[in-house]
Amino acid sequence: VMTRPEDLIAHAPANTYVQTVTEVTHYTERLFRFRMTRPAEFRFRSGEFVMIGLMIDGKPLYRAYSIASPAWGEELEFFSIKVPDGPLTSHLQNIKVGDAILMKKKPTGTLVNDALIPGKRLYMFSTGTGIAPFASLIREPETYEKFDELILTHTCREVAELKYGVDLVEEIRNDEMLCEVLAPSKLRHYTSVTRENYPFQGRITDLIESGKLFSDLGIPPLDPATDRGMICGSMAMLKDTKALLEKAGLTEGANNRPAEFVIERAFAE
Ligand code: A2P
């Protein structure tokens, strides 16, 4: 794996930026966060993803990554899984501050404010690294302007996997600058785990179906008149959660056809 900036710049494919890693935090054996420099000209919408890559055996290898930092951020942040034999993440998990990585120039994605019609309440349903696009959107002023209430749900196997989101929400609530541009009192963070003891347990799908999510939050069940949704997780989680939103009467939207909910796979392997 080629990680020296000067080597990568000499070998980088066209349409690719070479950026420098500025921070790496490992949360568990399965999850880590990293940040890197942002190209001055690079623009994206909060919630979008890009292709991140490494040069392995002389060839670039990319995987899609949601940008976890907001559109106004100075650096780019990512939240990644570590798969022991994953083609990219088995190498990416070893990156250090000062290493260089590749990023394709064009961002894209459906988990953006533009893909939803206005509403009262925005649900952001996430499992595992699926919280990444929402880490961007809960730091985006537009999200708070568009909705009266933001409900971020994050379900993981273990309690330690919730830490990235818990720390982020705490930072939003405690940071003076963020409190001024966002409206943290509108943000609610609902965490649950499925394979350990914890005050809130169970899959988000079960919590929606049983109504426990709504009674825990003290709000009415899903209603297309008021509620909008974004979903990010595994293929199975997307399918099951989408079915529940459709059952409640919400319609799926897209960038060119805004509607009541949008979905996107939590990428990377
Ligand atoms: P579970 O522990 O019951 O499998 P993963 O890391 O495998 O993507 O899982 C992240 C979280 O998503 C876990 O808490 C997992 O629960 C949950 N999950 C897995 N499949 C589904 C599904 N089809 N619907 C809702 N939640 C799911």
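Residues numbered from 1 in each chain as written. Predicted model: local features only at pLDDT ≥ 70, side-chain atom pairs only at ≥ 80, totals over all residues.

Asker: When you look at the site of the ligand in this model, what are you seeing that I'm missing?
Answerer: Around the ligand there are 15 residues in total, and Thr127, Thr194, Arg203, Ala236 and Met237 lie nearest to it. Put simply, the parts of the chain that give the shell around the ligand at least two residues each are β8 (149-156), α7 (204-210) and α9 (235-247). A per-class count over the shell around the ligand returns four nonpolar, seven polar and four charged. (Near = placed C-beta within 6 Å. Helix = DSSP H or I, 4+ residues; strand = E, 2+ residues; numbered from the N terminus. Nonpolar A, V, L, I, M, F, W, Y, C, P; charged D, E, K, R; others polar.)

Asker: Honestly, the nonpolar core in this entry has me stumped. Any pointers?
Answerer: Most often, soluble globular proteins keep nonpolar side chains buried together rather than apart. Counting 62 residues, the largest nonpolar core has Phe78, Ile101, Met124, Phe134, Ala135 and Leu150 as the members making the most contacts within it. Ranked by the residues each element gives to this core, the list is headed by strand β3 (residues 49-56), at six residues. Each of domain 1 (5-104) and domain 2 (113-265) accounts for three or more of the residues forming this core. Apart from the residues within four sequence positions on either side, Phe134 is in contact with Met124, Ser126, Leu152 and Cys232. (Core = buried A, V, L, I, M, F, W, Y, C linked by C-beta atoms within 7 Å. Buried ≥ 20, exposed ≤ 12 C-beta atoms within 10 Å, placed from the backbone. Domains from an automatic or database assignment. Contact = placed C-beta atoms within 7 Å.)

Asker: Explanation requested: the domain arrangement of the chain in the structure shown.
Answerer: When the parts come together, some accessible area is lost, and that loss is often what is quoted as the size of the interface. One can read the domain layout of the chain as domain 1 (5-104) and domain 2 (113-265). The centre of domain 1, based on its C-alpha atoms, is set 25 Å off from the matching centre of domain 2. Each partner contributes to the interface: domain 1 provides 17 residues, whereas domain 2 provides 15 residues. Within the residue set of the side of domain 1 that touches domain 2, elements represented by two or more residues are β2 (31-37) and β5 (75-81). In terms of residue count, β5 provides more of the side of domain 1 that touches domain 2 than any other element does, four residues in total. Each residue belonging to the side of domain 1 that touches domain 2 can be placed in one class, and the counts come to nine nonpolar, six polar and two charged.

Asker: How do you make sense of the UniProt feature "domain: FAD-binding FR-type" (unreviewed entry) in the chain when you look at a structure like this?
Answerer: Summarizing the sequence annotation, UniProt attributes the feature "domain: FAD-binding FR-type" (unreviewed entry) to residues 14-114 in the numbering used throughout. For the annotated span residues 14-114, helix accounts for 4% and strand for 46% of the residues, and the straight-line distance between the end C-alpha atoms is 30 Å. (UniProt positions renumbered as here; feature names shortened; annotations may be inferred.)

Asker: How should the pairing of strand β6 (residues 100-104) be read in this particular structure?
Answerer: Across a regular strand the side chains alternate sides, sitting on one face of the sheet and then on the other. Burial analysis of β6 places four of its five residues in the buried class, which makes it a mostly covered element. In the sheet, β3 pairs with β6 via two bridges, with the strands oriented antiparallel. The residue bridging Ile52 from the neighbouring strand is Met103, located in β6. (Pairing = 2+ DSSP bridges.)

Asker: Sorry, what's going on with the environment of Ile101 here?
Answerer: Its place among the elements puts Ile101 in strand β6. For Ile101, a count of 22 C-beta atoms within 10 Å puts it in the buried group. Through-space distance from the C-alpha of Ile101 to that of Leu61 is 11 Å; in sequence the pair is 40 residues apart. Those residues in contact with Ile101, other than ones at most four positions away along the chain, are Gln19, Val21, Met36, Ile52, Gly53, Leu54 and Ile95.

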